[in-house]
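# Structural overview
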Amino acid sequence: MSARARWAVVVLVLVVAGVVALWPRGSDPVGAGPPSRSAPDLGPLRERAGLPPCAGGPGGTPGGPAGLRGLTATCLGDGAPVDLAAALPGRALVNFWATWCVPCQEELKVLDAYSREPGAAQVLAVLVASKEGDGLELLAKLGVRLPAVHDPADAARRALRVPPRLPVSYVVGEDGSLTEVAEPLVFESVEQVREVVG
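Residues numbered from 1 in each chain as written. Predicted model: local features only at pLDDT ≥ 70, side-chain atom pairs only at ≥ 80, totals over all residues. Heavy atoms only, no water.

- As recorded by an unreviewed UniProt entry, the chain carries the name TlpA family protein disulfide reductase and is attributed to Saccharothrix xinjiangensis.
- In the Subcellular location (unreviewed entry) part of its UniProt record, the chain is described as follows: "Cell envelope". (UniProt positions renumbered as here; feature names shortened; annotations may be inferred.)

### Digging into the nonpolar core
- Counting 57 residues, the largest nonpolar core has L93 and F96 as the members making the most contacts within it.
- In this view, F96 contacts V126, V128, A156, R157, L160, V162, L166, P167, V168 and Y170; residues no more than four positions away in its chain are not counted. (Core = buried A, V, L, I, M, F, W, Y, C linked by side-chain atoms within 4.5 Å. Buried < 20%, exposed > 50% of the residue type's maximum accessible area, 1.4 Å probe, protein only. Contact = heavy atoms within 4.5 Å.)

### A look at the packing of helix α3 (residues 102-115) against helix α4 (residues 132-142)
- Remark: α3 packs on α4, axes separated minimally by 11 Å, with the N-to-C direction vectors making an angle of 60°. Classified by the interaxial angle, the pair formed by α3 and α4 is oblique. The two elements α3 and α4 cross, and the hand of that crossing is right-handed. Residues Q105, L108 and K109 of α3 form the contact with α4, whose own contacting residues are L138, L139 and L142.
- Looking at the contact of α3 with α4, its residues break down into four nonpolar, one polar and one charged. (Axes fitted to C-alpha atoms, helices over the stretch in contact; angles between N-to-C directions. Helix = DSSP H or I, 4+ residues; strand = E, 2+ residues; numbered from the N terminus. Parallel < 35°, antiparallel > 145°, perpendicular 65-115°, else oblique. Left-handed = near helix turned anticlockwise from the far one by under 90°. Nonpolar A, V, L, I, M, F, W, Y, C, P; charged D, E, K, R; others polar.)

### Quick notes on the state of the cysteines
- Per the stated rule, a full pass over the model turns up two disulfides.
- C54 shares a disulfide with C75; S-S distance 2.3 Å. In this structure the cystine formed by C54 and C75 twists about its S-S bond by roughly 80°; its chirality is therefore right-handed. Highlighted residues: C54 in the loop between α2 (43-49) and β1 (72-75) and C75 in strand β1, separated in sequence by 21 residues.
- Here C101 connects covalently by a disulfide to C104, the sulfurs 2.2 Å from one another. Across the S-S bond of C101 and C104 the torsion is about 85°, and the bridge reads as right-handed. In terms of burial, C101 and C104 fall into one category: buried.
- Ordinal numbering of bonded cysteines along the chain defines a disulfide pattern of 1-2, 3-4. (Disulfide = S-S within 2.5 Å.)

Dropping the structure here:
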């Protein structure tokens with residue numbers, strides 16, 4: 001076979017390979033990529049959990065802890081975006097928790113009981129390192145009805161330099177100051193919460 005014939009065969013093979021590579025397959029347009037997954041419908045879980053809506057929608061009242069200003073989370077009660085600083089305009093308790101954290105589950109029940117007392121400070125539960133749906137399921141199972149937000153990016157913990165353990169709670173002062181609760185590490189009674197929050 002001459003050199004010219006060999007080059008003709010090579011060119012023919014390359015043309016066929018190019019046509020095969022570019023030929024559309026099925027009814028999908030070329031370059032459509034993998035099908036996107038839609039977000040799960042959390043409406044039924046939200047309804048079952050029965051959580052209250054969160055204060056501090058975008059553009060809410062300025063104030064709250066300076067370390068949380070500009071950070072947004074998702075309200076587990078209604079799925080709305082929440083400005084974390086605006087959600088904590090006065091004396092409050094912020095509790096970081098996760099679905100896989102066993103001590104968190106007991107503490108959430110204590111915090112819920114505290115929040116139902118007359119004159120209790122606001123309690124905001126911040127779900128981290130967990131899926132939103134899993135958090136809603138657990139709160140429904142525990143019967144906890146605290147205002148709660150989901151922070152999937154862990155922005156609040158990073159901004160506050162929260163220790164790498166859970167649960168972790170902070171008392172928010174009237175001036176927006178944040179004080180980590182060091183004792184007890186896990187609230188076991190309403191009296192302990194009352195004593196710490198004041």
